[in-house]
Amino acid sequence: MASTADGGKSFARRDRLLEIEATVRKWWDETDIFRAESVETPPSPGEKFFGNFPFPYMNGFLHLGHAFSLSKLEFASAYHRLRGANVLLPFAFHCTGMPIKASADKLSREVQKFGNPPVFHNDIEDSINKLELEKKDTENGGNQNLPDKFKGKKSKAVSKSSGEKTQWEILRSYGLSDSDISKFQDPYYWLKFFPPLAVEDLKAFGLGCDWRRTFITTDINPFFDSFVRWQMRKLKKLGKIVKDLRYTIYSPLDGQPCADHDRASGEGVQPQDYTLIKMEVVPPFPPKLRTLEGKKVFLAAATLRPETMYGQTNSWVLPEGKYGAFEINDTDVFILTARAALNLAYQRFSRVPEKPTCLVELSGYDLIGLPLKSPLAFNEIIYSLPMLTILTDKGTGIVTSVPSDSPDDFMALHDLKSKLALRAKFGVKDEWVLPFEVIPIINIPEFGDKSAEKVCQDLKIKSQNDKEKLAEAKRLTYLRGFTEGTMLVGEYAGMKVQEAKNLIRNKLLELNQALMYSEPEKKVMSRSGDECVVALTDQWYITYGEPEWKKKTEECLAGMNLYSDEARHGFEHTLGWLNQWACSRSFGLGTRLPWDEEFLVESLSDSTIYMAYYTISHLLQRGDMYGSDSSSVRPYQMTDEVWDFVFCGGSYPKSSDISSSLLNKMKQEFEYWYPFDLRTSGKDLIQNHLTFCMYNHTAIFPKRHWPRGFRCNGHIMLNSEKMSKSTGNFRTIRQAIEEFSADATRFSLADAGDGMDDANFVFETANAAILRLTKEISWMQEVLASDSSLRDSPPSTYADRVFANEINIAVKMTESNYNDFMFREALKTGFYDLQAARDEYRFSCGINGMNRELIYWFMDIQTRLITPICPHYGEYVWRELLKKDGFVVKAGWPVAQTPDLTLKKANKYLQDSIISMRKLLQKQVSGSKKGNKNAPSTVENKPEVVFIYVNERYDGWKEECLRILQNKFNAETRRFAPDGEILEALKETEIGQDGNFRQIQKLCMPFLRFKKDEAVVVGPHALDLKLPFGEMEVLQENLEVIKRQLGVDRVEVLSIADPLAVVKAGSYVSLLHQTPPSPGNPTAIFLAS
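Nothing here was measured: the structure is a model prediction, and the numbers come from that model. (Residues numbered from 1 in each chain as written. Predicted model: local features only at pLDDT ≥ 70, side-chain atom pairs only at ≥ 80, totals over all residues. Heavy atoms only, no water.)

## Regarding the overall build of the protein chain
Note the threshold: Elements are defined by DSSP. Helices are runs of H or I of four residues or more, strands are runs of E of two residues or more, and each kind is numbered from the N terminus. Type-normalised accessible area, obtained with a 1.4 Å probe on protein chains alone, sets the label of each residue: buried when under 20%, exposed when over 50%, and partly exposed for intermediate values. Here a residue-residue contact requires only that any non-hydrogen atoms of the pair lie within 4.5 Å.
Looking only at helices and strands, the protein chain features 36 helices and 33 strands. Counting only C-alpha atoms, the protein chain reaches 115 × 90 × 65 Å along its principal axes. Within the protein chain, the proportion of its 1089 residues that are buried is 55%. Residue pairs at least 24 apart in sequence account for 76% of intrachain contacts in the protein chain once pairs closer than 6 positions are excluded.

This is the structure in structure tokens:
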């Protein structure tokens, strides 16, 4: 931005844009320009455009992350509105779920503990953590092994969680006063406070939204509450919702399942199922375990490979690991980690439900040497031995050892057997290790019946510490062992491993020698700050993954436009693993399950088909986002029969007392706008929300109303760094608008990127946009003020034709880019390239001036093309400068002629030639200065004349080479025949028969390589014998431009084929031999006079 006299920044240009934006928004508001209405006649293809965006969660201000994903929808909608489509872009606000309630409750506890306003001391975090745990402890009536500190890593969801800051501090960072913050102890106050501010911010952003249709979720909105209840009843009636006992990610602190949107970290993590092998400790017990006499004590090892248990030689423990003996029932005690015991307690394996009881605290050293009887093991007694690479945050901390098939086990056992010092270090007796040999249990093709031993030898692995090589060994053998292995032992000998695995596991479970155990695949932290477990819960599930339903959803996906192969692969992958989804919660805000009101509908289950609700929300709520205006319809009147009639083609609800005109109007609205054409979203929602959306649409709506398109994008970085509140690299939408203006913010969002990789919002780009937009306004004002200086005749010059062609190209390419949702490219072709063409045209016209008709057309076209991205700027120029009627946002896409691509190439040839000649001239002038060190800065013998020699057609050996390449090139695949074949063809030509062929061949080969490479890139035109335009004609027509660009007095364009023209080169004729002209590459000779 411009500097002021005192060295500071001047914000005048930005303030000018903010002033323009405020004025334009008044114009829009006065006419309700973005109001969207249906008509009775169904829309033809392209006549309407309905796009939507996942409603944001209302526990704070909207930020640039929201704005980036939303901008994709906004730019697309604005483009379709501009081209004449009837556009619906609605917007709503999500308040369902636990984050708001959890934050409000946390604030209340802070006030209770520290006062109002609170006075925090230095160890505040420990105090608040203790308070959280005391609360949970009171609720559960006793102690339980929960984490003693919140260890949640910051993630993109940190704004929705209790991170490192207190809740009071988070709210204070929003600029709220202490008296205002206190009100947020009421969760419903959040719903009243943030959504209206979000509307203000989005209006300031220029969002082309029909705000009559806005709403918030939860039962505070009785109309939306009725809609969700209908949806749930509908799914249950269709058999898509069932009550079942299933493993689910669960928050002990919240006392309920923890779905993706309830997590501070670990989004997308699923339960991982294991078989827990009960390895019985053989009495007599060592002193540390004496208190357990009379009970059955087991080392509990979690395994993914129960079929390998025949080959056990020992178990492994981590010497420094912390373990405990936990009471499972009246008779059984399991030795494992506290983390695993907590998971088991929530899976109904604890004497006291959900409260693991530790009878003895143990270390790994206490367990070394324990004699064990393990299920299926051929060794009657095995021993517990030390292993240094066990992870206690995975599984139970106890590991079974099968060295025949596990490279880790093989090397760890090998180390103990071969290293006496290692055995001595951990007090391992020889009889615990040395007698035990590898037992072949599975045969794997290429690896034999001792796969671990073979792969370790092949990779030359030396010890259990060769982690990278061991990882590679597992990669080579584990999957093949399952898919191709054959059992050699046991009652299933001869059977394929993948068939025997479940049979063996089931046998272990039936004999009570094992049990099913599950834990999160990776660490999951809830937004309340505790580490989640896997719980076996009896609750309501949506049956995603059910074969027939999945098949319909795959059909839906196949018919959708996803704009990216990466996105399609993401959806296909999600459909492959997605299974039953817990749809009910007991804590938070939302809609009650209509048949089981103890539960709430969880936040990812009430947000799957609400796009349909947009179509009629304005008729029900009359613009009141909270649904408190019931002057049109009362919520109780929206019965299932009414919802079915409106959305599902149900029969007319004769029992309804809603007027028939209103019922039919609602049905008309839905039938006109549905299906939606586009939903934009961050790519992180592929694995849940967007896939749920497809599933629910295929269940509830007929095929003609299934979604048409999803456009997914990556996250947004600020100045190439992750957006983060904790580092200060963060902007709300409001802050960005105040700092840059709305249009400069939108400009930078469009420039940030369009793919599924993370994009980059650059502050310099936003500041440059401020300068560009305001300078363009000033330029147009100057042009319009000096109208008389413009040429009034019809466009006729070469420069006129080129400029008109560039405008046509800009219209066509920008239209294509907007259609493909490539907004960065649209910005380039519709603004940057167009301005460059204008600047080139202005220079090319020189003293003759620019053509009035073309310049006015340019201003019209540029304004329309940039309007989807910078609508306030476009609207101001349209009305105030160009004095056009109506609104530019609905002005229609500009009409353009078919671009003349030959003219485009001719102009590129001209500009490239001028650049090359300018460089040559600069080199010649600087060279003369070097030769005369005492020469003044202005050299008297500065060139004043330039001869430009042109060769418009390849001939001789080059012609022969090109003809061969033309015959040996496949234009479709852009591939050439083998080099040997091309060389043989060259030998058969006339030049190939020349006695001097070897010398000619040295010239041919580089030329052939160059032209081949060029053809692969640009296509077969690279092999033409001449350019598609007359080079001499182009240069002759632009002599004045060339003279001005080179700063010479005279320019002559000459043909190298004219002997008299060659003579003119005089003593410089050698230059024509050194660098002869060729098609597209003229040779310039500069003369002093």
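## Overview of the nonpolar core
Our working definition: Take the buried residues of types Ala, Val, Leu, Ile, Met, Phe, Trp, Tyr and Cys, join any two whose side-chain atoms come within 4.5 Å, and each joined set is a nonpolar core.
Within the largest apolar cluster, 120 residues are counted, with the highest numbers of intra-cluster contacts made by Phe91, Phe93 and Phe761. Ignoring sequence-local partners within four residues, the contact set of Phe93 consists of Phe55, Pro56, Met58, Pro195, Ala198, Val199, Trp211, Thr214, Phe215, Ile216, Thr217 and Met625. Core analysis: the second largest hydrophobic core is formed by 72 residues, Leu557, Ala612, Leu619 and Tyr672 among them.

## Some details on unusual backbone geometry
That bond from Asn116 to Pro117 is cis: its omega, 0°, falls within 30 degrees of zero. Structurally, the position occupied by Pro117 is in the loop between helix H3 (99-114) and helix H4 (124-140). Geometrically, the link from Pro283 to Pro284 is a cis peptide bond, its omega value of 0° lying close to zero. Considering the arrangement of structural elements, one finds Pro284 in the loop between strand E6 (271-281) and strand E7 (296-303). Here the phi dihedral of Leu376 falls at roughly 70°; this positive angle occurs in a residue that is not glycine. Positive phi is not limited to glycine here, since Ser741 has a value of about 90°. Looking at the secondary structure, you find Ser741 in the loop between helix H22 (733-740) and helix H23 (742-752).

## Focus on helix H17 (residues 565-577)
Note the following rule: Here, expected helix span is obtained from the residue count minus one, scaled by 1.5 Å. Working definition: the arc comes from the directions between the helix axis and the C-beta atoms, pointing outward to the latter. A 3.5 Å cut-off defines polar contacts: any pair of N or O atoms within that distance qualifies, except that in protein one atom must be a possible hydrogen donor and the other a possible acceptor, and neighbouring residues in sequence count only when both atoms are side-chain atoms.
Across its 13 residues, H17 extends 19 Å between first and last C-alpha, which sits within 8% of the 18 Å expected from 1.5 Å per residue. Taken together, the buried positions of H17 are occupied by Ala567, Phe571, Thr574 and Leu575. Seen end-on, H17 carries its buried residues on one side only, within an arc spanning 100°. When the buried face of H17 is taken as reference, the exposed residues oriented beyond 90 degrees from it are Asp565, His569, His573 and Gly576. Residues of H17 that are buried sit in contact with helix H16 (547-558), helix H21 (686-700) and strand E25 (710-713). Of the residues that open H17, the one with a side-chain oxygen 3.1 Å from the backbone nitrogen of Glu566 is Ser564.

## A word on a nonpolar patch on the surface
Cut-off, in case you're wondering: Two joining distances apply to patches: 9 Å for like charges and 5 Å for nonpolar side chains (Val, Leu, Ile, Met, Phe, Trp, Tyr), and every residue must have over 30% relative accessible area and no salt bridge. In this description, accessible areas are obtained by the Shrake-Rupley approach with a 1.4 Å probe, and a residue is regarded as covered only by the protein chains that are shown. We define a salt bridge as a side-chain nitrogen of Lys or Arg found within 4 Å of a carboxyl oxygen belonging to Asp or Glu.
Together, Val1016, Val1017 and Val1018 give the surface a local cluster of nonpolar side chains, amounting to about 260 Å² of exposed area. Relative to the helices and strands, Val1016 is located in helix H32 (residues 997-1018). By relative accessible area, which is 39% here, Val1016 ends up partly exposed.

## Overview of empty space enclosed by the protein
Operational definition: The definitions used throughout rest on a 1 Å grid laid over the protein atoms alone, on which a cavity is an enclosed set of points accommodating a 1.4 Å probe that cannot get out and a pocket is an open set flanked by protein within 12 Å on both sides along at least five of seven lines; lining residues are those having an atom within 4 Å of a point. Grid points are joined across faces, edges and corners, and a volume is the space filled by probe spheres set on the points. Residue polarity is assigned by list, with Asp, Glu, Lys and Arg as charged and Ala, Val, Leu, Ile, Met, Phe, Trp, Tyr, Cys and Pro as nonpolar; anything else, Gly included, falls into the polar class.
According to the stated counting rule, one finds 4 cavities of 30 Å³ or more in the structure shown. Taken as a whole, the largest cavity holds about 60 Å³ of empty space. Ranked by residue count, the leading element in the lining of the largest cavity is helix H2 (residues 64-82), at 4 residues. Considered class by class, the residues forming the lining of the largest cavity number 7 nonpolar, 3 polar and 2 charged.

## Regarding the pattern of salt bridges
Under the counting rule described, the total for this entry stands at 66 salt bridges. Salt-bridge contacts for Lys278 lead to Asp332; the nearest nitrogen and oxygen are separated by 3.5 Å. Here Lys278 is found in strand E6, whereas its partner Asp332 is found in strand E10 (residues 332-336), with 54 residues between them in sequence. Across the pair, exposure class does not vary: Lys278 and Asp332 are buried alike. Here the salt bridges do not stand alone but share partners, grouping Asp32, Arg35, Glu37, Asp210, Arg212, Arg213, Lys665 and Glu669 into one network.

## A few points about the sheet that holds strand E26 (residues 716-718)
Here is the rule we go by: Pairing between strands is defined by DSSP: at least two bridges between them are needed.
Here we have 3 strands laid out as an open sheet, ordered E27-E26-E28, and mixed in their pairing. At either end of the open sheet lies a strand with only one pairing partner, and these are strand E27 (721-722) and strand E28 (759-761). One ladder, built from 2 bridges, connects E26 with E27; its direction is antiparallel. Bridging from a neighbouring strand, Leu718 pairs with Glu721 of E27.

## Thoughts on the sheet that holds strand E29 (residues 945-950)
The condition that has to hold: All axes here are fitted lines through C-alpha atoms, helices being fitted over the stretch that makes contact, and every angle between N-to-C directions spans 0 to 180 degrees.
The mixed open sheet is built from 3 strands, whose spatial order is E32-E29-E33. Bordering the open sheet on either side are strand E32 (1050-1055) and strand E33 (1083-1087), each of which pairs with just one other strand. When the angles between neighbouring strand axes are averaged without regard to direction, this sheet yields 20°. By the bridge criterion, 5 bridges tie E29 to E33 in an arrangement that is antiparallel. Opposite Tyr949, over in E33, you have Thr1083 as the bridge partner. The sheet strands contacting helix H34 (residues 1039-1046) are E29, E32 and E33, and the helix crosses E32 at an angle near 120°.

## Observations concerning the side chain of His872
Structurally, the position occupied by His872 is in helix H28 (residues 871-881). The class of His872 is buried, set by a relative accessible area of 0%. Within the local environment of His872, its side chain forms a polar contact with the side chain of Asp743, the two groups lying 2.8 Å apart. Apart from residues lying up to four places away in sequence, His872 is in contact with Ile20, Glu21, Val24, Arg25, Trp28, Ala204, Phe205, Gly206, Ala742 and Asp743.

## Details of the packing of aromatic side chains
The following threshold applies: Working definition: rings of Phe, Tyr and Trp (its six-membered ring) pair if their centres are within 6.5 Å, and the pair is stacked with planes under 30 degrees apart, edge-to-face with planes over 60 apart, and tilted otherwise. We call a charge positioned above a ring when the Lys NZ or Arg CZ atom is no farther than 6 Å from the ring centre and deviates by at most 35 degrees from the ring normal.
Under the counting rule described, the total for this entry stands at 76 aromatic pairs. Ring centres of Phe803 and Phe858 lie 5.7 Å apart, and the angle between their planes is 40°; on these two criteria the pair is classed as tilted. Of this pair, Phe803 sits in helix H25 (residues 798-819) while Phe858 sits in helix H27 (residues 852-866), and the two are 55 residues apart along the sequence. Accessibility expressed as a relative area gives 2% for Phe803, which makes it buried. The ring of Phe843 has Arg1044 sitting right over it, with the charged end atom 5.2 Å from the ring centre.

## Quick word on the confidence of the model for the protein chain
Detailed reading of predicted coordinates is not advised where the pLDDT is low. Stated formally: The pLDDT value tells you how sure the predictor is about a given residue, anywhere from 0 up to 100.
The share of residues in the protein chain with pLDDT of 70 or more is 94%, and the mean pLDDT across the chain is 90. Confidence drops under pLDDT 50 across residues 1-7; counting only partners more than four residues distant or on other chains, this segment forms 11 contacts. Note on residues 130-163: pLDDT is under 50 here. Beyond four places in sequence and across chains, it has 72 contacts.

## Comments concerning the pairing of E33
With 5 of its 5 residues buried, E33 lies for the most part within the structure. Alternating residues of E33 divide into Thr1083, Ile1085 and Leu1087 and Ala1084 and Phe1086, and every residue in both groups is buried.

## Looking at the state of the cysteines
The cut-off we apply is this: Note on terminology: disulfide denotes any pair of cysteine sulfur atoms within 2.5 Å.
Considering all chains together, one arrives at 0 disulfides under this definition. Cys258 forms no disulfide, and the closest cysteine sulfur to it belongs to Cys532, at a distance of 3.8 Å. Residue Cys258 is classed as buried on the basis of its relative accessible area of 3%. The thiol of Cys961 is not disulfide-bonded; the next cysteine sulfur, from Cys1004, is found 3.7 Å away.

## Notes on helix H19 (residues 640-648)
Within H19, burial applies to Val642, Trp643, Phe645, Val646 and Phe647. On its buried face, H19 sits against helix H8 (222-237), helix H18 (610-621) and helix H20 (660-673). Phi turns positive, to about 70°, at Gly649, one or two residues after H19.

## Things to note about the side chain of Ser315
Within the fold, Ser315 resides in strand E8 (residues 314-317). Setting aside residues no more than four positions away along its own chain, Ser315 makes contact with Met279, Leu299, Leu372, Ile382, Tyr383, Ser384, Leu385, Val399, Thr400 and Ser401.

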